[in-house]
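# Geometric and topological summary
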Amino acid sequence: MNTSTPELRKETARLYEKLNKLGWGRDDCELIAPITSEIAQLKDEQNAVILAHSYQTPDIMYGVGDYVGDSYGLSRMATKHPAQKIIFCSVYFMGETAKLLNPDKEVLVPRVAGCSLADAITGKQVRALREKHPHAGIVCYVNTYAAVKAESDACCTSSNVVEVVEAMPQEEIVFIPDRLMGLNLRNMTSKTIITWDGTCVVHEGFNEDTIKDIRQRFPGVKILAHPECAPGVVALVDYAGGTSGMLNYVRESSAKTFMLVTECGLTDRFKAEFAGKEIVGTCILCPYMKQIQLEDVLKALKNPSPDQYIEIPEDVAARARASLEKMFEYEQIGKSKRNKKH
Ligand code: 13P
Ligand code: SF4
């Protein structure tokens, strides 16, 4: 490997400027510079864009990602971006959502990575739930595969779940697959919520004692949690919301100390993007998100294997897209219902 060319020295300096805040040394940056520059070159040649979820490792987010964000925001970004090829650095279901919203673009994932929530339910199981609860509406969380979205009445994200549920015509809602988020939902709506037994391996790992301990040790700390955490944890925090909601909260808060009750990638973003603010407590790594390596991103551009392309059978895609469209419609109805109440 030749690290002495002016191009590689320039790339090393670019990486170092971004990654040294996260503890990366110049040597670490020098080591990945050849691969990040090859990725950048191929990306430009192929008119591709690289999207990186906030739970990715710093070398992916800041080394090769053009945009870093949450699952929903990145998929929306893909629709606006002129690139015809999207490399979605994240778990498979997020790549599928991007493909559903961008059917005419090529969408690739660096690796076929699962998710304990998405893996918790199949389309067949949703059909069985519909038979068991014929009068209920079925709302699926965005952390599901296209085959599950296709069997649901509407999809939702962590930021619009209440609006979607409130706007559904039914009083009884089957909420899939996140049991903990479903339990949190029961505290936010008067509708009857039937839950499924899925959980996120990251967020189910946090407990109330840790939150109480951090609050005691760091007076004035603001604690933020993802609604995939248990209700007992959510009840103790200052803010509950998705990854983008948490970042906005930190951006707008005058507090100095924060605890992020979520995956470690968000902690990395926090350290890289908010100088002068302090983060305390621990985070938990997502074993699915962290499977993605720079080598996989390079392969998706240089020599993609068939499984890296997101392909969804058209009948499934049309019905899954309809459940996403219902989400956009119900989100607006739910918002105006709320505004009228206040
Ligand atoms: P966001 O929807 O906030 O991107 O979070 C995705 C996720 O996997 C949460 O665990
Ligand atoms: Fe799935 Fe949880 Fe990982 Fe998000 S953090 S991808 S919900 S396992």
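Quick notes on the rules
- Residues numbered from 1 in each chain as written.
- Chains lettered and ligands numbered in written order.
- Predicted model: local features only at pLDDT ≥ 70, side-chain atom pairs only at ≥ 80, totals over all residues.
- Heavy atoms only, no water.
- Helix = DSSP H or I, 4+ residues; strand = E, 2+ residues; numbered from the N terminus.
- Buried < 20%, exposed > 50% of the residue type's maximum accessible area, 1.4 Å probe, protein only.
- Contact = heavy atoms within 4.5 Å.
- Areas by Shrake-Rupley, 256 points an atom, 1.4 Å probe, with all protein chains shown as cover.
- Lys, Arg positive; Asp, Glu negative; His and termini not counted.
- Charge placed at Lys NZ, Arg CZ, Asp CG, Glu CD.
- Disulfide = S-S within 2.5 Å.
- Pairing = 2+ DSSP bridges.
- Axes fitted to C-alpha atoms, helices over the stretch in contact; angles between N-to-C directions.
- Near = heavy atom within 4 Å.
- Polar contact = N/O pair within 3.5 Å; in protein donor to acceptor, adjacent residues only side chain to side chain.
- Core = buried A, V, L, I, M, F, W, Y, C linked by side-chain atoms within 4.5 Å.
- Nonpolar A, V, L, I, M, F, W, Y, C, P; charged D, E, K, R; others polar.
- Arc of directions from axis to C-beta.

What follows concerns the overall build of the chain. Across its full length, the chain carries 15 helices and 12 strands. In terms of its C-alpha atoms, the chain occupies a principal-axis envelope of roughly 70 × 55 × 35 Å. Taken across its 342 residues, the chain has 56% of its residues classed as buried. In the chain, 60% of the contacts between residues at least 6 apart in sequence involve partners at least 24 apart. Carbon and sulfur atoms form 50% of the exposed surface of the chain, whose accessible area is close to 15,200 Å². The distance from the centre of the 41 positive side-chain charges to the centre of the 45 negative ones in the chain is 4 Å.

Per the stated rule, a full pass over the model turns up 1 disulfide. Here C140 stays free of any disulfide, with the sulfur of C155 as its closest cysteine sulfur at 4.1 Å.

What follows covers the sheet that holds strand 6 (residues 154–156). Sheet architecture is open: 4 strands sit in the order 6-5-7-8, paired in parallel fashion. Of all the strands in the sheet, the pair left with one neighbour each is strand 6 and strand 8 (192–195). With direction set aside, neighbouring strand axes in the sheet form an average angle of 30°. In this structure, strand 7 (residues 172–176) lies alongside strand 8, joined through 4 bridges in parallel fashion. Each bridged residue has a counterpart across the sheet, and for F175 the counterpart in strand 8 is T195.

Helical periodicity: at 3.6 residues per turn, an α-helix aligns residues three or four positions apart in one direction. Among the residues of helix 14 (residues 294–302), L294, D296, V297, L298, A300 and L301 are the ones counted as buried. Against helix 2 (26–45), strand 1 (48–53), helix 3 (58–64), strand 3 (85–89) and strand 4 (106–108) lie the buried residues of helix 14.

What follows deals with the site of ligand 1. Every residue near ligand 1 is listed here: H53, Y55, D70, S71, M94, N143, H203, H226, E228, G242 and T243. In this structure, H53 approaches ligand 1 through a side-chain N or O atom, which is 2.6 Å from an oxygen atom. N143 is positioned with one of its side-chain polar atoms (N or O) 3.4 Å from an oxygen atom of ligand 1. If ligand 1 stood free it would expose 300 Å²; the protein chains cover 94% of that surface.

One finds V139, V161, F175, I176, I223 and V261 to be the most contacted residues of the largest nonpolar core, which totals 89 residues. The dominant element in this core, judged by the number of residues it contributes, is helix 15 (residues 314–341), at 7 residues. Look past the residues within four positions of I223 in its chain and what remains in contact with it is I211, I214, R215, V237, D238, Y239, M259 and V261. Counting 27 residues, the second largest nonpolar core, distinct from the first, contains L15, L19, A300 and L301.

Here the focus is the site of ligand 2. Every residue near ligand 2 is listed here: Y55, C115, S116, L117, N143, C200, V201, V202, E228, C286, Y288 and M289. Among the residues making up the shell around ligand 2, the classes are represented as 9 nonpolar, 2 polar and 1 charged.

Let us look at helix 4 (residues 71–80). S71, Y72, L74, S75 and A78 are the residues of helix 4 that are buried. Take helix 4 and look down its axis: the buried residues cluster within an arc of 165°, on one side only. Those residues of helix 4 that are buried lie in contact with strand 1, strand 2 (67–69), strand 3, helix 5 (92–101) and helix 15.

With that out of the way, let us pick up unusual backbone geometry. A cis amide bond links I176 with the next residue in sequence, P177, at an omega value of -10°. Along the polypeptide, P177 turns up in the loop between strand 7 and helix 9 (179–186). At N47, a position not held by glycine, the phi torsion is positive, near 50°. Tracing the backbone shows N47 in the loop between helix 2 and strand 1.

Here the focus is the pairing of strand 9 (residues 222–225). As paired strands, strand 9 and strand 11 (residues 257–261) are joined by 4 bridges and run parallel to one another. Each bridged residue has a counterpart across the sheet, and for I223 the counterpart in strand 11 is M259. Taken together, the 2 bridges between strand 9 and strand 10 (residues 239–240) define a ladder with parallel strand orientation. Counterpart to L224 in the pairing with strand 10 is Y239.

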